[in-house]
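# Residue-level structure breakdown
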Amino acid sequence: RQGLPVFLRGDSQRATDRPLITRALKYPLYRALLTSVDGHLAVGQSNRQYLEHYGVNPRRIWFVPHCVDDRWFAQRADAARSSGAVGELRRHLRLDDEERVVLFVGRLVDQKRALDFVEAIGAVRRTERLAGVVVGSGPLAGALEARSRELGAGVRFAGFVNQSALPAYYAAARLLVLPSDSRETWGLVANEALSCGTPIVVSDHAGCAADLVTSHTGRAYPCGNVGTLASAILEVDHLRRAAPAEVSTAVETVSRRYGVEAAADAAAAALEAAVTRASRSTLPMPQSIRS
């Protein structure tokens, strides 16, 4: 009514499991809401597909990438490497010089599927000196530790770690694993890892999989398939050894594409387009928008 352009931003995706009756009831309501605004700031491909499913005109969707403060993570990861903090962390985790870290970061709850991670580490440990490290706390911590002991997986459990300390963990890791189910509408830990120069293995149900995984940034695998997850971990570990320069370049490129500066530029472009559209309408445009 004020003539102000309205944009919506979210990270919903269609892969999220919902009962048929719920989907049938919500469709007309969501379609009415989502098509009533001037535009949407889509965070990635899965989010765009969700919006188009509900009838949003593609011309009203602007890509504004889901991001983390990539420069902050990159600077602190570099500092952890140069200061010796990575070595101190490895000693704290009782890792020997030959063990290469495979990292999980997240709450220890069902939707994060940390048990898949523990099972996969148990499998890869039979042939490779790969050590699983779990960063996070939650109700499944005890069960995960027990399963690791049963498998002889030797997974280290770091517990809750403040974000200021996370870059050192990413810097110490060969790769990050995000095994979440479809309730993981994105998975910003994958952005954080890439910002620190660390490739990723991501469940295909996580919202970020279609955007962040390329041939040299990591692998996507079918959610819940532990055997394929184990194979993907081995592939990415091998890739880092076989093509380190290509991996480093690809990881940095994707990290920047989904970084703060890219998101700010994309948001500014979308808002400018909205202002231009509003200025052509017959409704008076408030001074705050014109300026």
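Attention in this report is confined to the structure presented alongside it. Model, not experiment: these values are computed from the prediction. (Residues numbered from 1 in each chain as written. Predicted model: local features only at pLDDT ≥ 70, side-chain atom pairs only at ≥ 80, totals over all residues. Heavy atoms only, no water.)

### Side note on the packing of aromatic side chains
Centre distance and the angle of the planes are the two values used to describe a pair of aromatic rings. In the structure shown here, the tally under the stated rule is 9 aromatic pairs. Here Phe7 and Trp62 contribute two aromatic rings whose centre-to-centre distance is 5.2 Å and whose plane-to-plane angle is 25 degrees, an arrangement assigned as stacked. You can see Phe7 sitting in strand β1 (residues 7-10) and its partner Trp62 sitting in strand β3 (residues 61-63), a full 55 residues away along the chain. Given the relative accessible area of 17%, Phe7 is considered buried. Of the residues examined, Trp62 reaches a relative accessible area of 17% and is grouped as buried. Members of the aromatic cluster, joined through ring pairs, are Tyr27, Tyr30, Tyr50 and Tyr54. Lys26 extends its terminal NZ or CZ atom over the ring of Tyr30, reaching a point 4.4 Å from the ring centre. (Phe/Tyr/Trp six-rings, centres within 6.5 Å; stacked < 30°, edge-to-face > 60°. Helix = DSSP H or I, 4+ residues; strand = E, 2+ residues; numbered from the N terminus. Buried < 20%, exposed > 50% of the residue type's maximum accessible area, 1.4 Å probe, protein only. Lys NZ or Arg CZ within 6 Å of the ring centre and 35° of its normal.)

### Brief notes about the nonpolar core
One finds Leu103, Tyr170, Ile200 and Leu212 to be the most contacted residues of the largest nonpolar core, which totals 44 residues. When residues in this core are grouped by element, the largest group, 6 residues, is from helix α7 (residues 166-172). Once residues lying within four places of it in the same chain are set aside, the contact partners of Tyr170 are Phe73, Leu103, Val105, Leu176, Val189, Glu192, Ala193, Cys196 and Thr198. Val124, Leu144, Leu175 and Ile233 belong to the second-largest nonpolar core, a separate cluster that totals 23 residues. (Core = buried A, V, L, I, M, F, W, Y, C linked by side-chain atoms within 4.5 Å. Contact = heavy atoms within 4.5 Å.)

Honestly, that's just the spatial picture; any functional story needs more than this.
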